[in-house]
Amino acid sequence: MQKPSYGIAALAALAVFVLYLATLAPTTAMWDTSEYIAAVKVLGLPHPPGNPLFVLMGHAFGLLPIPVSYAARINMFVALLDAIAAGLWFLVTERILSFWLTHRWKQIAGALVAVVVGATSFTVWNQSVAAEKVYAVNVLAIALVSWIMLRWLDAPDAPRAPRLLVLVAFIVGLGYANHPAGFLVIPAVGVAVLVHRPRTFLRWRLMLACLGALLLGLTPFAFEPIRAAHFPPLNEGEPTGCVTKFEWSCTFSELTAERLYDNIQRTQYAKPSVFDRQAPIAAQLGLLWTYFKWQWLRDAYGEHTAAQSALAVAFLILGLVGAREHWRRDRESFWYFAALMFTLTIALVYYLNFRYSWGQAPELGRSVAREPRERDYFFVWTFSAWSVWTALGIVSLWQAIARLVMRSSKGSDAGVGELPPERSWRIAAPILAIALIPLFTNASQASRRGETFTRDWAVDLLNSVEPYGVLITNGDNDTFPLWYAQDVEGVRKDVIVAVITYVEMDWFIRQMIRRPVYEYDAARGPSIYRYREWPKPSGPPLRMTLAQADSLPEVVALREPQRFAHGDLVATVGPGYISRGQIVVLRMIQDAFPGRPIYFSAGSYAQSLGLAPYLLTQGMVEKLMPDSVKATPEILPTPSGYFDVARTEALWDSVYTAPAALVRQGDWVDRPSAGIPFGYAITGQMLAQAMDQRGDTAKADGVMRTVDAMAKAARLDDFLKAISR
């Protein structure tokens, strides 16, 4: 058995890390990036299952004195994990090729092909340059387990073999403590042991040791109730039975155990059984094929569909050819890897049971249930591991071309002679450049270099709210970046951010009640708020006890319209049902308004509570007014409500920085989140129209130039067509 090329594997990992650093996001990004960076910073609990291993590891890495922003540091941590995984796939591929190729340089060349293909496939690359998910830990764990299992297969009866299996069990447990994907390698490990040493399962002491190691790997979950009992700023799920801090006697109570179990099992998401298919299995497999096509050419705008499909077919065939060669050359490791790939493809698709994706089957429109965003990141380990079989397929093609070169030399002119085999391989080596295709085709859309829009947008939105305000947001993308800005950069912590979906949760209501009142920092705040006093509230926006909060019903049936009155504000809630979250919002208006300004980032929610006559659009938010809004020279009626020209102009001129960031960015790959830049475009268009009406044509033209450049960068084609008419 030859010695693995650990040094070259380390250099390959270093090269991948350098690539990721060159394309690294300098700050936060859309979706879950902000939530995870904030959770790491404050040692908090992100959404279930809480990902304690990632939080602990990321927090430790974030303490390193690296001279970049905190967000970039955590993004760098993710990049490092995926780069190490690439080095491990090098070792796996080299080991398989050692049963096939006798010359070491060919093995190394083939293993480097796996590194390049895997590291530059779109989803792997794009997820490696921002901490959008915690999956880098699991990608590394799967690659590490795969390498250890190949070492076990080399000598399954050696004295160290049982220790390797115990180590695998420990890594599997740690992986699950990061994310349930940690268990994805179990079927492959089981198949490998069953095929090669089935009697291992009868060694009860070894099995007990593996079980103990797995349970030891799960111990990071103890972090969740312990930390939750300290009530960090980010404490989703709140898996503790404590009511106030430091009540250690209740940390591991029956209630804590129940909440911890629900958190780990992600009970709040209430996913249906896998037997209750959310979309036809053919559509779900088709979604995997769509995401597979992305890996070789991420065509976000459908401009190169033929080339994308051709590349996908080519890399699929190369992978299948590689699987065949794996079966022929190294059947022992084939069983492990084939079981792993089956788990990461067919079995994973069946288990995930996705609805139609955001962009899938557009002809069906909204007649089918859809995911709120694309879910390619759930297959990041799939595309990372597929690089091994792809590399074997490319090596097989390399060998075939080398044979053709060698055979063609037999008919050459006299005296030239037959090319030696090694020379044939070298002449055919340029075919390995196939591995570079995703590097070039994905470079522009996988990279997040220089992207600051999300961070700037979060600051813009917070600064749209007056001091000590409450901002009621709509979902992940208009909430998580605000948490990041507040908890990581300390921007506008005086604002309470209440997301509609979480206000329905008992733990979030408790957190709003416990949240301290942070002092408004006028020196760091916008200049538009510096010319008046802002009284600091004396308590939370909800004047109720924790027991009262816990007793709120999840839903209340309304048999007839209900009238809600607070001062001059009178709203009517129609018959039907009112949810706990809606009750909480109305209670906040009753308890804190107008002492605390209240804003909405999604007007339809406020309208469902009968508040439409009291909403005034200011920039990208709608402010709740204490009396019904009426038109004035600076407050204009629009089809969607009333528009505050003066405040919006002040925000656009002196507060908003994200439009310029988007223009610099120049592209918007993630179509499901395009509503965020669209919000700026609509705001700018409305402002320009108002300016034009009052005769300020030059300034209106300047705003529209910015709007046009921003809409082009975000590819808001329908909007651009509308404003060009």
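Residues numbered from 1 in each chain as written. Predicted model: local features only at pLDDT ≥ 70, side-chain atom pairs only at ≥ 80, totals over all residues. Heavy atoms only, no water.

A.B. asks: Any chance you could break down the packing of aromatic side chains for me, citing the residues and the numbers?
C.D. replies: Counted by the stated rule, this structure contains 40 aromatic pairs. Measuring from ring centre to ring centre gives 4.2 Å for tyrosine 176 and phenylalanine 183, while their planes differ by 25 degrees; the resulting arrangement is stacked. Looking at tyrosine 176, the relative accessible area reads 17%, which means it is buried. If you follow arginine 277 out to its NZ or CZ, it ends over the ring of tyrosine 350, 4.1 Å from the centre. (Phe/Tyr/Trp six-rings, centres within 6.5 Å; stacked < 30°, edge-to-face > 60°. Buried < 20%, exposed > 50% of the residue type's maximum accessible area, 1.4 Å probe, protein only. Lys NZ or Arg CZ within 6 Å of the ring centre and 35° of its normal.)

A.B. asks: Describe a nonpolar patch on the surface, and please don't skip the residues or the numbers.
C.D. replies: The grouping of Phe275, Ile281, Leu285, Phe342, Ile346 and Tyr350 at the surface amounts to a nonpolar patch, some 610 Å² of accessible area in total. Of all the secondary-structure elements, those providing two or more residues to the nonpolar patch are helix H13 (281–294) and helix H15 (331–352). In terms of residue count, the dominant contributor to the nonpolar patch is H15 (3 residues). For tyrosine 350, the position within the fold is in helix H15. (Patch = residues over 30% accessible without salt bridge, like charges linked within 9 Å, V, L, I, M, F, W, Y side chains within 5 Å. Areas by Shrake-Rupley, 256 points an atom, 1.4 Å probe, with all protein chains shown as cover. Salt bridge = Lys/Arg side-chain N within 4 Å of Asp/Glu carboxyl O. Helix = DSSP H or I, 4+ residues; strand = E, 2+ residues; numbered from the N terminus.)

A.B. asks: Can you explain the pattern of salt bridges? Please cite residues and give values.
C.D. replies: Counted under the stated rule, the structure contains 32 salt bridges. With a closest N to O distance of 2.9 Å, glutamate 649 and arginine 694 form a salt bridge. Here arginine 694 lies in the loop between helix H29 (675–693) and helix H30 (697–713) and glutamate 649 lies in helix H27 (residues 645–654), a separation of 45 residues in the sequence. Among the residues examined, arginine 694 registers a relative accessible area of 39% and is labelled partly exposed.

A.B. asks: Explain the sheet that holds strand S1 (residues 470–473) to me, using residue names and the numbers behind them.
C.D. replies: Strand pairing within a sheet occurs via backbone hydrogen bonds; the two strands may be parallel or antiparallel. Strand order in the open sheet made by the 7 strands is S2-S1-S7-S9-S8-S11-S10, with mixed pairing throughout. Looking at strand neighbours, the two that pair on one side only are strand S2 (496–499) and strand S10 (635–638), the edges of this open sheet. Shown here is a sheet whose adjacent strand axes are inclined to one another by a mean of 30 degrees, direction ignored. For strand S8 (residues 615–618) and strand S11 (residues 641–644), the ladder comprises 2 bridges, and the chain directions are parallel. Looking across to S11, one finds that threonine 617 is bridged to phenylalanine 643. (Pairing = 2+ DSSP bridges. Axes fitted to C-alpha atoms, helices over the stretch in contact; angles between N-to-C directions.)

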